[in-house]
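Topology and contacts: notes
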Amino acid sequence: MRGKTGYNYTMQKLSSRLSAFFSSRRGGVVALTIAIGSFLGLTLTRLTSSSIWFDESFSSYLMRFDWAGITHYTALDVHPPFYYYCLKLWTNLFGNTPVTIRLLSVVLGVVAIILAFRLAGRLFGQRVASLAAILLAISSLFVRYGIEARMYMLVAVIGLLGIMTYLRAETSGKRCRYLLYGLVMALGMWTHYLMVTVWLSVWVYRYLKLRRQGCKGRKLLRSFFSADWLIAHAVAIAAFLPWIPYVLHQLRGMSSGYWIPAVTVNTLGDYWSSLTLYSEASGTDGWWAVLVWAILVLVVAVSRQVYCKSKPASRPSLLLTLVVAVAPILWLMLLSFYPFKSVFVDRYLMVAVIFTVIWLAVIIVRSPNRRLAGLLLTLVVVASICGVRNVYRLGNYNRYFNGSAKNTMINTTKDNIPIILTGAYNYYEAAVYEQKSHPVYYVRSEVGDSEVGSLQMLKDNRLGKGITDLQRFLAAKQQVWLAGYSTDQAAIAPLSRMTGWRAAKTISIPDPITGESHYKATLYVKQ
């Protein structure tokens, strides 16, 4: 008994000292440094581990155009242009390579960690901020999209800035703060349309807070729709107004169909499993399933304890964190039901992911049951480590597309021979790896119609990479690679059937996830 008592006393004393340390300013700096270092270690080592897939390659290809071209082709696709403007500035400074375009997201991820640390510290104190920053840095979804050459980390930064700006406006009551909040809202919409789910979540928080303060009926309406609140939204609408015609055009393009599957009874389970383990619910079985659901049960139980025993002064902060962690998920589901097309994808919920992590830090630090909190922390850390391991194992594989092996193959053809890509989407992905001494082409006549306009850059052929006359192109070549999916290559007459050409060798690399070899490259030589 003495040994057990001595051990418990030692652990309690150590825990108390660590708690006091991370409550200090110095401890916060150490925790933030650990968080940033962990995130950089987990992302920088992955910059080249997976080849660029279509979404990233679209971003990269768009950077070949000037500002007007970027605006034009973005308007024909499905997203607003602000991220692409930022990426254009970035590539002008550092170049347009697979590493540099992904590095922008890494930098934005570091900024998001710093902002999350500051926000959590303001709402809940230094200890919560320290734990939140570390947990966010090793969160599987945050690490996964921390290298994606897309707008998700920029969305995270703008979402955090927006929440922080609103809180300052609410606290100070200054109109200039509300005006600034309106501008941040507009900036979010210029970055990703589904930022509307974050701004609508602030509406939910504002309503619930006013109800807690006893506002009802007309008083609730007057308080909710205050002059400053209306002015902020008027500024946001005015700042976004120039892009509205393009939004309407994009919506018409998407009305004929879209690639995102419908919301089902498995959607929420998939999201929670991805958040904890970076694994779909259908593929999470055995003890992994026990881990995922154990964390959820503990989160619910500890959250109830923390909220019930919290002081009235701290409840608005708890309410804000919980609303922004949960409401965007529900808004996204509602926007995925008829008459709308499904838009529910976990990477569109990066702000909700960050606030979920902050909520986890809050309930772990403030739980009155230290053993339960310790168990929850242990399970969350274990899940995070396993989730990051899955991120490393799967690379940029996701449930909708898999581009794992394609451009690994492109890199193996280091013989300064031109490559013709079959399939327009394959061309985008290969073009990222193009070099002046090793050009990559596509056959312009094989570019089909895209319901969302993502192939318009290839149809216009402003960069001259589309082959308009294949026979004439081949007349000046002695060797050429033909690469793409086996089914796509039937679209172009095999060169072996053309007079004077023969297939010399074929490369086929198995997909690292499925083990299948659907993608191949064949070297044709003129006889």
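Located above this text is the structure these notes cover.
About the cut-offs
- Residues numbered from 1 in each chain as written.
- Predicted model: local features only at pLDDT ≥ 70, side-chain atom pairs only at ≥ 80, totals over all residues.
- Heavy atoms only, no water.
- Patch = residues over 30% accessible without salt bridge, like charges linked within 9 Å, V, L, I, M, F, W, Y side chains within 5 Å.
- Areas by Shrake-Rupley, 256 points an atom, 1.4 Å probe, with all protein chains shown as cover.
- Salt bridge = Lys/Arg side-chain N within 4 Å of Asp/Glu carboxyl O.
- Helix = DSSP H or I, 4+ residues; strand = E, 2+ residues; numbered from the N terminus.
- Pairing = 2+ DSSP bridges.
- Contact = heavy atoms within 4.5 Å.
- Axes fitted to C-alpha atoms, helices over the stretch in contact; angles between N-to-C directions.
- 1 Å grid on protein atoms, 1.4 Å probe; cavity = no way out; pocket = protein on both sides within 12 Å on 5 of 7 lines; lining within 4 Å.
- Points joined across faces, edges and corners; volume = space filled by probe spheres on them.
- Nonpolar A, V, L, I, M, F, W, Y, C, P; charged D, E, K, R; others polar.
- Buried < 20%, exposed > 50% of the residue type's maximum accessible area, 1.4 Å probe, protein only.
- Left-handed = near helix turned anticlockwise from the far one by under 90°.
- Core = buried A, V, L, I, M, F, W, Y, C linked by side-chain atoms within 4.5 Å.
- Phe/Tyr/Trp six-rings, centres within 6.5 Å; stacked < 30°, edge-to-face > 60°.
- Lys NZ or Arg CZ within 6 Å of the ring centre and 35° of its normal.
- Lys, Arg positive; Asp, Glu negative; His and termini not counted.
- Charge placed at Lys NZ, Arg CZ, Asp CG, Glu CD.

Below, the discussion takes up a nonpolar patch on the surface. Residues Leu221, Phe225 and Leu230 make up a contiguous nonpolar surface patch of roughly 280 Å² in combined accessible area. Mapping Leu230 onto the fold places it in helix H13 (residues 227–240).

On to the sheet that holds strand E6 (residues 519–526). Strands sit in the order E3-E2-E1-E4-E6-E5 across an open sheet of six strands; the sheet is mixed. At either end of the open sheet lies a strand with only one pairing partner, and these are strand E3 (466–467) and strand E5 (501–508). As defined by bridge partners, strand E2 (residues 440–443) adjoins E3 across two bridges and the pair is classed as parallel. Of the residues in E3, the one forming a bridge with Val443 is Ile467. Packing against the sheet, helix H21 (residues 424–431) makes contact with strand E1 (419–421), E2, strand E4 (479–485) and E6, and its axis sits at approximately 170 degrees to E2.

On inspection of all chains with the given rule, the structure shows five cavities of 30 Å³ or more. One number sums up the size of the largest cavity: a volume of about 150 Å³. Forming the walls of the largest cavity are Leu135, Ser139, Trp272, Leu275, Thr276, Ile295, Thr356, Val357, Leu360, Val380, Ala383 and Ser384. Where the lining of the largest cavity is concerned, the elements lending two or more residues are helix H15 (267–277), helix H18 (350–366) and helix H19 (370–394). The class makeup of the residues in the lining of the largest cavity is eight nonpolar, four polar and no charged. Each pocket or cavity is described by its volume, and for the second largest cavity that value is around 50 Å³.

Glancing now at unusual backbone geometry. A cis geometry characterises the amide bond from Tyr338 onward to Pro339, with omega recorded as 15 degrees. With respect to the helices and strands, the residue Pro339 is situated in the loop between helix H17 (315–334) and H18. Of note in the backbone geometry, Asn461 takes a positive phi value of approximately 55 degrees without being a glycine. Looking at the secondary structure, you find Asn461 in the loop between helix H22 (456–460) and E3. Residue classification places Asn461 among the buried residues on the basis of a relative accessible area of 14%.

Two measures define how a pair of helices packs: the angle their axes make with one another and the distance between the axes. Here helix H4 (residues 67–76) crosses helix H5 (residues 82–94) at 145 degrees, and the two axes come no closer than 10 Å. Considering the relative orientation of H4 and H5, their crossing is right-handed. Across the interface between the two elements, Trp67, Ile70, Thr71 and Thr74 from H4 touch Tyr84, Tyr85, Lys88, Leu89 and Asn92 from H5. Partitioned by chemical class, the residues of the contact of H4 with H5 number five nonpolar, three polar and one charged.

Relative to the helices and strands, Ala521 resides in strand E6. Put simply, Ala521 and Ala483 are 38 residues apart on the chain and 4.0 Å apart in space, counted from C-alpha to C-alpha.

Let us look at the pairing of E6. Within E6, six of the eight residues are buried, which leaves it mostly tucked inside the rest of the structure. Sheet analysis places E4 next to E6, joined by seven bridges and oriented antiparallel. By the bridge assignment, Gly484 is partnered in E6 with Lys520. As paired strands, E5 and E6 are joined by seven bridges and run antiparallel to one another. Residue pairing in the sheet places Lys505 in a bridge with Leu523 of E6.

In terms of nonpolar packing, the biggest core is built from 159 residues, with Ile113, Phe142, Ile163, Trp199, Ile295 and Leu376 touching the most fellow members. Sorting elements by how many residues they give to this core places H18 first, with 15 residues. Other than its neighbours up to four places away in sequence, Ile113 contacts Leu32, Ala35, Ile36, Phe39, Ala133, Leu136, Ala137 and Phe142. Counting residues in each nonpolar core, the second largest holds 12 residues, with Ile420, Ile467, Leu470 and Met498 among its members.

Let us look at the packing of aromatic side chains. Both the distance between ring centres and the angle between the ring planes are used here to describe each pair of aromatic rings. The final tally for this structure, using the stated rule, is 32 aromatic pairs. Centre to centre, the rings of Phe54 and Tyr425 are 4.8 Å apart; their planes meet at 80 degrees, and the pair counts as edge-to-face. Remark: Tyr425 occurs in helix H21 and Phe54 occurs in helix H3 (residues 54–62); sequence separation between them is 371 residues. Seen in terms of ring centroids, Tyr427 and Tyr442 are 4.7 Å apart; in terms of plane orientation they differ by 55 degrees. Their pairing is tilted. Of the two residues, Tyr427 sits in helix H21 while Tyr442 sits in strand E2, which places them 15 residues apart along the sequence. Neither residue differs from the other here; Tyr427 and Tyr442 are each classed as buried. In textbook terms, an aromatic cluster arises when at least three aromatic residues are bridged by ring pairs, as seen for Phe54, Phe58, Tyr61, Phe65, Tyr73, Tyr83, Tyr84, Tyr425, Tyr427, Tyr428 and Tyr442. Sitting over the face of the ring of Tyr392, Arg46 holds its NZ or CZ atom 5.9 Å from the ring centroid. Looking at Arg206, its charged tip hangs above the ring of Trp229, at a distance of 4.3 Å from the centre.

Positive charge collects at one region of the surface, where Arg127, Lys311, Arg366 and Arg370 lie side by side. Assignment of secondary structure puts Arg127 in helix H7 (residues 126–137).

This next bit is on the side chain of Gln250. The residue Gln250 is located in helix H14 (residues 244–254) in this model. The residues contacting Gln250, other than those within four sequence positions of it, are Thr74, Ala75, Leu76, Asp77, Val78, His79, Tyr193 and Trp243.

Moving on to the side chain of Arg315. When you line up the elements, Arg315 lands in helix H17. One buried charge, Arg315, has no salt-bridge partner; the nearest side chain with opposite charge is Glu170, at 16 Å. Ignoring sequence-local partners within four residues, the contact set of Arg315 consists of Arg212, Tyr307, Cys308 and Ser310.

Any functional reading would require information that these geometric values do not contain.
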